Amino acid sequence: MNILENPISNPVLIFAIAMVVFLLAPIIMARIKVPGIIGLIFAGVIIGPKGLGILDRDPTIILLGTVGLLYIIFIAGLEIDLEGFKKYRQRSIVFGSLSFTIPFIFGTSLGLLLQYSVPAAILLGSLLGSHTLLAYPIASRLGISKNKSVTTTVGGTIMTDTSALLILAIIAASVEGDLNLAFWFTMLLSLALYVGIVLLVIPALARYFFRSMSSEGTLDYIFVMAVLFVTAFFATIAGLEPIIGAFLAGLALNRFILEHSPLMNRIKFVGNAIFIPFFLLSVGMLMDIRVLLSEPNAWILAAAIVLFVQLGKFLAAWVSGKLYKYSKDEIRLMFGLSVPQAAATLAATLVGFDLGLFDQATVNGVIVMILVTCMVGPYTVEKYGRKIALLEEQQPYEPNNAPDRILVPLANPNSVENLLNLSFSLRGNSTEPIYPLTVAREQNGRSAEKVAEAEKMLGKALTYASGANIPVHLLTRVDPNVSSGILRAIEETRITKIVIGWNGKLSTPQKIFGGVLDQLLNRTNEMILVSMLGHPLNTTKRIVLILPSGVDHKSGYYEGVKTIKEMANNIGAKLSVLIIKDDSKYYKNSFEQMKPDVSMKFANVETWNELINNYLLMLKKDDLVVVLSARRGTIAWHPKLEELPRILAKSIPESFIILFPPERDKVDLRGSRGTDVPRTLLPRREFDD
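Just so you know, the residues in each chain are numbered from 1, in the order the chain's sequence is written. pLDDT decides what is reported in this predicted model: residues at 70 or higher carry local features, side-chain atom pairs at 80 or more are listed and counted, and totals for whole chains, interfaces and linings draw on all residues regardless. As a rule here, side-chain values cover all heavy atoms of the structure and leave hydrogens and water aside.

**Quick look at the packing of aromatic side chains**
In this description, an aromatic ring pair is defined by two values, namely the gap between the centres and the angle between the planes.
Stage number 1. Side-chain rings of Phe, Tyr and Trp, where Trp is taken by its six-membered ring, are said to pair if the distance between their centres is within 6.5 Å; with planes under 30 degrees apart they count as stacked, over 60 as edge-to-face, and otherwise as tilted. Under the definition given, this model contains 17 aromatic pairs.
Stage number 2. On the numbers, 5.4 Å between centres and 80° between planes, the contact of F209 with F210 is edge-to-face. Taken individually, F209 and F210 each receive the classification buried, so the pair is uniform in this respect.
Stage number 3. Plain terms: the ring middles of F424 and Y464 are 6.2 Å apart, the flat faces sit at 10° to each other, and that makes the pair stacked. A residue pair is termed long-range when its members are at least 10 positions apart, and F424 in helix α18 (residues 416–427) and Y464 in helix α19 (residues 447–467) qualify at 40 residues.
Stage number 4. Taken together through their ring pairs, the aromatic side chains of F209, F210, F223 and F256 make up a single cluster.
Stage number 5. Both a distance and an angle decide whether a charge sits over a ring: NZ of Lys or CZ of Arg must be within 6 Å of the ring centre and within 35 degrees of the ring normal. Above the plane of the ring of F256 lies R255, whose end atom (NZ or CZ) is 5.0 Å from the centre. For each residue, the accessible area found with a 1.4 Å probe, counting protein chains only, is set against the maximum for its type, and the residue is called buried under 20%, exposed over 50%, and partly exposed in between. For the purposes of this entry, the term helix denotes a DSSP run of H or I that reaches at least four residues, the term strand denotes a run of E that reaches at least two, and both are numbered from the N terminus.

Here's what the structure looks like:
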């Protein structure tokens, strides 16, 4: 067999060449300060069948490229901020409508000007109206995926691509003579049934899987991939394109796959390393430079299409940005995300060619447009996304906003993963590592044996955190008193938060949690989260927060609330706040002032007995109860707070966290000295014992 034949057919050599291209293209592009995505597209042009002919765009390349396209759309659905999407859904609708309509009008007018038939002109307009989130991985890498301009654009993608693909189906039916009442009924009914089934069945299936069968390993990844491709396939059965199914699958699984988790890291790693580069390579292979050189008219058509699509997409971003008061950089970011053309554009072009609506010159002009927009989009997102990311990080420094160092004391191998998942959700996008700690109790000269057992548990923590691509700093202390060992680690590493587990058992009724935890509470002023987690965090639909009377007078109140809201945002849960014997309007004000935005409901509870006898009985198994507690002797402390842990251990919800805010020397009491709280957060009353 001749391995040097053109195009190469040896599968091993094909894959080897692809891997070398995936390695070198980003390195070369980085030298000239161009996004690596553009290098992969250019590589496809050069080595493809219409370039040097080294590789053919054979079924294997098409298969892997299709998987890469579905991966991009799926990850966009996974990462979209659902609360932000709900908050900005009107903006997404407006932007999506403009982003489709303006280029659609330009494209249809161009087609009629060039004397295309009416169906061909409409199809040309529709393919200019769609866009592919090709540059979304860049926005995700820069950490701005939850920026309002990104959320608006991603939400608008649903409208643009769905509109383009529906018009494609209508045009194809009209050309083939099948455009009748039965066609409309079938299309609308199948669309409604498909969307409803996906958004209802998949979340229920995912909840069952992650609660009953999850292994935080290969099985989880296979489950997610099965959902992705089965959903994408059934989209074709419903008369839609697979990319719509991929996006819906991402939305359906959004709240079950935490942003900072081993599963999300595996999904992104495989996509960014293998499938997405194959998609970019396959897009470049479509370009036929020879036809463009032999037909000068194709250049005129290509230039017109490129001009109109960029003008239309920029006008849509500009109008939407001005309407909702986005910055200039955010408007340019929206343009960069929405201008790349690939998926729906390519599908409409090939169908139009097969139906005889487009000639070869049109096909080549569209491919030039795809190539140009796939370069302009990533470059724009890289340039202006970086500016936005830097602006988001340049916030005024406040002591309470200092980078958190989270300590996770480990004692039970079975709770390692749950405690680390909780610490990941608290860490967010911080650059600080997590600090897993084991304390080996020195007894009768057997410290070496105890240290070996502790290191084995730390090894498990290291493996799990590595899967989530989160740095860890392993700590081991030898001490006859476990709480003393934890305190020593807190002081030596300047820890700000402690995430620790509790088994729900008490040695004597006088203790809150037990000897070690009670000593820890009495001897440290840092924030402590005592957790008993009976179900995976990613299956939590609601966080029920219990606030005792006067807790907003505590010095660490705002830091505690900020921590809880960030946790709710990171695990995609709603927040239901129960306020004991206090006025809810003061709490609502303080919660609304703090980022991030999460869905919140507030309710007043008159007495502790009402909470225990009524409210706790109405909670569900997968609720996560969080108590913003207080140390004994401090303001907001109440005897019921010490009984609450053992009551919760026997109640319906499987999981709860008792959060003790930090005790600061500089207090933030409402209406008292030394407060840094904005005047809008201060009430018009004093605390009444």
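On we go.
**Details of unusual backbone geometry**
Stage number 1. Backbone geometry at Q115 places phi at a positive 65°, although glycine is not the residue there.
Stage number 2. Relative to the assigned elements, Q115 resides in the loop between α5 (89–113) and α6 (118–129).
Stage number 3. According to the relative accessible area criterion, Q115 is exposed, its value standing at 74%.
Stage number 4. One non-glycine residue, K325, lies in the positive phi region at around 60°.
Stage number 5. As for its position among the elements, K325 is in the loop between α14 (296–323) and α15 (328–338).

**Concerning the packing of α5 against helix α8 (residues 148–175)**
Stage number 1. Look at α5 against α8: their axes get within 7 Å of each other, and the N-to-C directions meet at 50°. Taken as axis vectors, α5 and α8 run oblique relative to one another. The handedness of the crossing between α5 and α8 is right-handed. Here R91, S92, I93, F95, G96, S97, S99, F100 and F104 of α5 lie close against α8, whose contacting residues are K148, T151, T152, T153, G155, G156, M159, T160, S163, A164 and I167.
Stage number 2. In the contact of α5 with α8, the residues fall into 7 nonpolar, 11 polar and 2 charged. Structural elements are reduced to axes, namely lines fitted to C-alpha atoms, with helices fitted over the stretch in contact, and the angle between N-to-C directions of any two is expressed from 0 to 180 degrees. We call two directions roughly parallel when the angle between them is under 35 degrees, roughly antiparallel when it is over 145, roughly perpendicular when it lies between 65 and 115, and oblique otherwise. Note on convention: near helix rotated counterclockwise from far helix by under a right angle means a left-handed crossing. Clockwise means right-handed. Whether two residues are in contact is decided by their heavy atoms: any pair within 4.5 Å suffices. In this count, Pro and Cys sit with the nonpolar residues alongside Ala, Val, Leu, Ile, Met, Phe, Trp and Tyr, while Asp, Glu, Lys and Arg are called charged and the others, Gly among them, polar.

**Some points on the nonpolar core**
Stage number 1. The biggest cluster of nonpolar side chains holds 115 residues, and the ones touching the most others in it are Y71, F74, V224, L253 and I267.
Stage number 2. Tallying contributions element by element places helix α3 (residues 59–79) first for this core, with 12 residues.
Stage number 3. Those residues in contact with Y71, other than ones at most four positions away along the chain, are Y221, M225, I267, V270, G271, F275 and I276.
Stage number 4. For this analysis, a nonpolar core means a set of buried residues of the types Ala, Val, Leu, Ile, Met, Phe, Trp, Tyr and Cys, connected via side-chain atoms within 4.5 Å. In this structure, V408, Y464, L533 and I657 belong to the second largest nonpolar core, which totals 87 residues.

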